[in-house]
Amino acid sequence: MMKVNRAKTRPKLRKSPKPPRGRGYNFFRFGFFILLALLVGGIYATYDYWVLRMLISQHYVFEEDLDRLYIEALGEDNFRSHFRDFDRMMAAVLTREIRNINQDRFTYLYNPGQFMAARQQERQIAQTVRFEALTDNIVYLALPNIHSYARRFVWQNREELAQFSYLILDLRGNFGGMLRDFHQIADLFVAPDATIAYERTRWSLFTRTIRGNGDPYFNFDKLLILQNAATASAAEGLVLALRENVPNITTIGTTTFGKAIGQVSIPMRGGSAVRATVLVLEGPAGEWIHNIGIEPDIEYEGDALAMALALLQ
């Protein structure tokens, strides 16, 4: 009899299929390599900086002299450690050397307390802005600085100010402020598309011409501006913008300070802030009055307000 092989043949096992990898996986993998490339590139680009930071802050052998450098730059109360304060020390030393080279005293490093105190002081000064009706047709407006608070004050009271025929704008002692606030104050006086100022920077991308946005809100029969040697920066820009664009304007007082440059303040870690000159401010006619100032139409060292009233009356 013929034997039958009853051994069962084992079925071939199928390989389990690989789980599908969708777009999310590919995006993650692509993003990982991008981040890795950025990290490597960042390390390469900042290699010199980290070598300097580690070499000086961690290994410089004359530690007492290093302490003296940090304390002179930052003040003893703000000195924490060589490594943590390296960036702030470098910023303080660099801006100090810039001031020594070209006498640009507006480029410097704020210590934490100085930064907060400066902002608070600017706001307190701005809150002294006021206007007063001197006669039925003469109004006096005192702008102590160019600040968002002062700008809002002028805009909020523009209807009442516009009812008068004559304006005496007092900019004596106005050391300036934010350029955007000066632009918006000037915009109340100038015609649409009239040039308010030119701001020139090293990058053409940020160089721009400031123009009026709409019809002038103010149309005074006569505008008198009071100025002195403490009228500076954005306040001088306001004088140039109005003198070029507003008819029947007269400036009274002494030659202004002569600051036609602009700064930016950027906060740093630890509450400090670095401030640097980043633009040149020119008037509508292209004049640059830096270290020159603006001569008044009427030179007068006495009570300029009394002189202005006498001219109007």
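So, a few notes on the structure that sits alongside this text. Since we're looking at a predicted model, the values are computed, not measured.

Parameters at a glance
- Residues numbered from 1 in each chain as written.
- Predicted model: local features only at pLDDT ≥ 70, side-chain atom pairs only at ≥ 80, totals over all residues.
- Heavy atoms only, no water.
- Core = buried A, V, L, I, M, F, W, Y, C linked by side-chain atoms within 4.5 Å.
- Buried < 20%, exposed > 50% of the residue type's maximum accessible area, 1.4 Å probe, protein only.
- Helix = DSSP H or I, 4+ residues; strand = E, 2+ residues; numbered from the N terminus.
- Contact = heavy atoms within 4.5 Å.
- Pairing = 2+ DSSP bridges.

Thoughts on the nonpolar core
Part 1: Among the nonpolar cores identified, the biggest contains 42 residues, and Leu143, Leu169, Phe182, Phe189, Leu223, Leu238 and Leu242 are the most heavily contacted of them.
Part 2: Where this core is concerned, the elements lending two or more residues are strand S3 (138-142), helix H6 (148-156), strand S4 (166-170), helix H8 (179-187), strand S5 (195-200), strand S7 (222-227), helix H9 (234-245) and strand S10 (273-282).
Part 3: In terms of residue count, the dominant contributor to this core is H9 (seven residues).
Part 4: Residues in contact with Phe182, not counting those within four places in the same chain, are Ile146, Ile196, Ala197, Ala234, Gly237, Leu238, Ala241 and Leu281.
Part 5: Grouped together as the second largest cluster of nonpolar side chains are 11 residues, Tyr70, Ala73, Phe79 and Phe86 included.

Quick look at the sheet that holds S3
Backbone hydrogen bonds are what pair the strands of a sheet, in a parallel or an antiparallel way.
Part 1: Taken in spatial order, the six strands of this open sheet run S2-S3-S4-S7-S8-S11, and their pairing is mixed. Each end of this open sheet is capped by a strand with a single partner; those strands are strand S2 (130-133) and strand S11 (298-299).
Part 2: Pairing between S3 and S4: five bridges, direction parallel. Residue pairing across strands places Tyr140 opposite Ile168, the latter belonging to S4.

Focus: the environment of Gly270
Part 1: Checked against the element boundaries, Gly270 lands in the loop between strand S9 (261-267) and S10.
Part 2: Judged by its relative accessible area of 49%, Gly270 is partly exposed.
Part 3: Measuring from C-alpha to C-alpha, the distance between Gly270 and Ser57 comes to 18 Å, with 213 residues separating the pair along the chain.
Part 4: Discounting chain neighbours no more than four positions away, the residues touching Gly270 are Arg80 and Pro112.

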